[in-house]
Amino acid sequence: MGMGRLYAERAVAEGARAVILWDRDAASLSSTAAILTERAGGATQIAPYVVDISDLGAIAQTAQRVRTEVGNPDIVINNAGIVRGSFFWEHDNGDDTRATMQVNALAPMYITREFLPAMMRNPYRESRIVNIASAAGMLSTPRMSVYAASKAAVIAWSDSLRLELQQQGFDHVRVSTIAPSYISTGMFDGARGPLFTPIMTPEYVVDRVWRAMLAGSPQLLMPWTVGFSKKVRGVLPLAAWDVVAGRVFGVYRSMDTFVGRR
């Protein structure tokens with residue numbers, strides 16, 4: 001659903017040999033696979049797999065099926081994510097905190113680890129790993145503490161992986177870390193974009209991410225205010241930044257009316 005479907009549609013439109021879809025929602029997965037199969041017209045193999053990526057064992061088993069039935073992918077887009085828009089003390093340790101960290105932070109690592117070795121072994125074939133993080137991983141926001149922690153973990157791991165591959169001479173494998181602000185997918189329904197930070201459409205974001213992926217760009221921050229805020233945060237004392245972010249830009253109030261996807 002949402003942006004995952006848009007990435008798949010883009011891959012089909014650009015003539016991918018195969019598009020591998022992972023989702024735990026069997027009905028949505030089947031619907032998307034049918035739509036993509038019709039659009040591909042036989043030119044692209046559509047390979048859907050029902051998998052819960054919060055389960056390490058399920059990831060390992062499904063990755064083995066992919067390698068056997070389709071082959072190792074050249075591009076991995078770690079796009080899945082969940083959010084709990086509430087104060088930290090309102091999070092249930094199991095249903096909320098653990099689930100958020102498993103899906104948002106651990107799953108991208110587990111999935112990448114499954115497919116990275118084959119990418120590294122073929123220096124004559126360009127490969128890409130795209131990790132969808134969030135501006136919340138760079139800028140603290142009330143009612144997003146666990147989500148922010150999960151995305152900060154993705155940012156740190158993703159860019160470290162980029163450097164490791166570069167340092168060890170695997171330049172054909174490029175890692176792109178993506179940190180967008182709010183996107184109108186339904187996941188953040190009710191959230192308000194900070195000053196000069198409009199809520200972006202999924203189509204716009206997917207197009208920007210796709211172009212960054214092809215270019216092998218190491219990082220993409222969207223919109224421009226995300227990078228600007230990061231720089232200002234690095235210069236100002238914390239107390240001054242709290243005033244700017246809270247009272248001027250409205251970052252600290254952006255989740256006050258959050259309702260999320262229903």
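Check the entry above for the structure.
Conventions and cut-offs
Residues numbered from 1 in each chain as written. Predicted model: local features only at pLDDT ≥ 70, side-chain atom pairs only at ≥ 80, totals over all residues. Heavy atoms only, no water. Core = buried A, V, L, I, M, F, W, Y, C linked by side-chain atoms within 4.5 Å. Buried < 20%, exposed > 50% of the residue type's maximum accessible area, 1.4 Å probe, protein only. Helix = DSSP H or I, 4+ residues; strand = E, 2+ residues; numbered from the N terminus. Salt bridge = Lys/Arg side-chain N within 4 Å of Asp/Glu carboxyl O. Expected span 1.5 Å × (residues − 1). Bend = angle between axes of the 7 residues up to and from the residue. Polar contact = N/O pair within 3.5 Å; in protein donor to acceptor, adjacent residues only side chain to side chain. Pairing = 2+ DSSP bridges. Axes fitted to C-alpha atoms, helices over the stretch in contact; angles between N-to-C directions.

K.L.:
Break down the nonpolar core for me, citing the residues and quoting the values.
P.N.:
Residues L21 and V209 are the most contacted members of the largest nonpolar core, which totals 26 residues. Contributing elements (two or more residues each) for this core: α1 (2–13), β1 (18–23), α2 (26–40), β4 (127–132), α6 (202–215) and β6 (219–222). Judged by nonpolar contacts, the second largest core, of 24 residues, contains V51, A99, V103 and V175.

K.L.:
Please give an account of the pattern of salt bridges that cites residues and values.
P.N.:
Any two side chains of opposite charge can pair if their charged atoms end up close together. Using the criterion set out here, one finds 12 salt bridges in the structure. Close ionic contact of R39 with E9 constitutes a salt bridge, the shortest N to O distance being 3.2 Å. Residue R39 is located in helix α2, and its partner E9 is located in helix α1; the two are separated by 30 residues in the primary sequence. Since its relative accessible area comes to 54%, R39 is described here as exposed. Measuring nitrogen to oxygen at the nearest pair gives 3.0 Å for the salt bridge that ties D207 to R211. You can see D207 and its partner R211 sitting in helix α6, four residues apart, about one turn around the helix. Linked by salt bridges that have partners in common, R10, E14, D207 and R211 make up one network.

K.L.:
Before we move on, can you summarise helix α4 (residues 93–121) with the specific residues and values?
P.N.:
Look at α4: 40 Å from first C-alpha to last across 29 residues, which is about the 42 Å you get at 1.5 Å a residue. At L106, α4 shows its maximal kink, close to 45°; a proline, P108, follows between one and four residues later. Put simply, D92 is the residue that caps the front of α4, since its side-chain oxygen is 2.9 Å from the backbone nitrogen of G94.

K.L.:
Explain the sheet that holds β4 to me, using residue names and the numbers behind them.
P.N.:
The strand order across the open sheet built from four strands is β3-β4-β5-β6, with neighbouring strands paired in parallel fashion. The outermost strands of the open sheet, each flanked by one partner alone, are β3 (75–78) and β6. Between one strand axis and the next, the sheet turns through 10° on average, direction left out of account. Pairing of β4 with strand β5 (residues 173–180) involves six bridges; the strand directions are parallel. Along β5, the bridge assignment pairs R128 with R174.

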